[in-house]
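Understanding the architecture of this molecule
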Amino acid sequence: FLIVFLMALVMLVGAFAVAMLLSVWAITPLKAYAIDQDYNITIADKDGSTTVGVDITTENYEDVLGDGTVSYDPTTNTLTLNNYVYNGEGLVGDAVPCAIIAGTPIEGLTIVLVGTNSITVSGSDSAGMVFFGEGDLAVKGNGSLSVNSIMCGISLQSDSGKLTIENAKLNI
């Protein structure tokens, strides 16, 4: 009888311990892990003589190219160009060759120019920057941007978005 009693007690205590663990697990919030999110903006960079596209993500948004020339603030949808220079054939994909391609979120996208920025994209159907989506695009800042391309300097492909330039110096 004592053995049966002890076994029942162990099973009861074991069941109680499992129930306690499950109840603690159920009320403990799960830790949120950052997922490498792509902000739908790609910047052209040179890797030797070859152009590579660098997607802006949660991993690199503070210093996209690793040289301080491009950063992004996802809380305000602000892309900052700080003495960014690109000279090459551009990003080639679904759009025309360009140095920057981005989806403009419905909340809009702001580009802030700091220092002297320059984009040169070669090719007969090239564009400096291509933006698509429904949001507005604003270019502002105390810096300047020179864009040399054949087809267009800034392309905003939107049915409802508008382009605003505030105090920025553009040479397209």
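Scroll up a little and you will see the structure.
First things first, this report covers the structure right here in the doc. (Residues numbered from 1 in each chain as written. Predicted model: local features only at pLDDT ≥ 70, side-chain atom pairs only at ≥ 80, totals over all residues. Heavy atoms only, no water.)

1. Regarding unusual backbone geometry
Here Asn40, not a glycine, exhibits a phi torsion of approximately 65°, which is positive. Inspection of the secondary structure puts Asn40 in strand β1 (residues 38-47). Taking relative accessible area as the criterion, Asn40 reaches 43% and is therefore assigned partly exposed. (Helix = DSSP H or I, 4+ residues; strand = E, 2+ residues; numbered from the N terminus. Buried < 20%, exposed > 50% of the residue type's maximum accessible area, 1.4 Å probe, protein only.)

2. Looking at the nonpolar core
Counting residues in hydrophobic clusters, the biggest one holds 31 residues, and the most contacted among them are Ile43, Leu79, Tyr84, Ile100, Ile111, Ile119 and Phe131. Among the elements that take part in this core, β1 stands out by supplying four residues, more than any other. Setting aside residues up to four positions removed in sequence, Ile119 forms contacts with Tyr84, Tyr86, Ala99, Ile100, Gly128, Met129, Leu145, Ser146, Val147 and Asn148. (Core = buried A, V, L, I, M, F, W, Y, C linked by side-chain atoms within 4.5 Å. Contact = heavy atoms within 4.5 Å.)

3. Observations concerning the packing of aromatic side chains
Overall, the coordinates contain two aromatic pairs when judged by the stated rule. Ring geometry for Tyr39 against Tyr61: centres 6.3 Å apart, planes inclined by 80°, an arrangement best described as edge-to-face. Here the residue Tyr39 occupies a position in strand β1, and Tyr61 occupies one in the loop between β2 (50-57) and β3 (70-73), the gap between them amounting to 22 residues. Note on Tyr39 and Tyr72: the rings are 5.3 Å apart at their centroids and 45° apart in plane angle, and the pair reads as tilted. Taken as a pair, Tyr39 in strand β1 and Tyr72 in strand β3 lie far apart in primary sequence, 33 residues in all. Across the pair, Tyr72 and Tyr39 agree in class, each one buried. Aromatic ring contacts, followed pair by pair, group Tyr39, Tyr61 and Tyr72 into a single cluster. (Phe/Tyr/Trp six-rings, centres within 6.5 Å; stacked < 30°, edge-to-face > 60°.)

4. A few points about the sheet that holds strand β6 (residues 100-104)
Taking strand neighbours across the sheet as the criterion, the five strands line up as β2-β1-β6-β9-β12 in an open arrangement whose pairing is mixed. The two strands at the open ends of the sheet, each matched to only one other strand, are β2 and β12 (152-157). With direction set aside, neighbouring strand axes in the sheet form an average angle of 15°. One ladder, built from seven bridges, connects β1 with β2; its direction is antiparallel. When the sheet's bridge partners are listed, Asp47 is paired in β2 with Thr50. (Pairing = 2+ DSSP bridges. Axes fitted to C-alpha atoms, helices over the stretch in contact; angles between N-to-C directions.)

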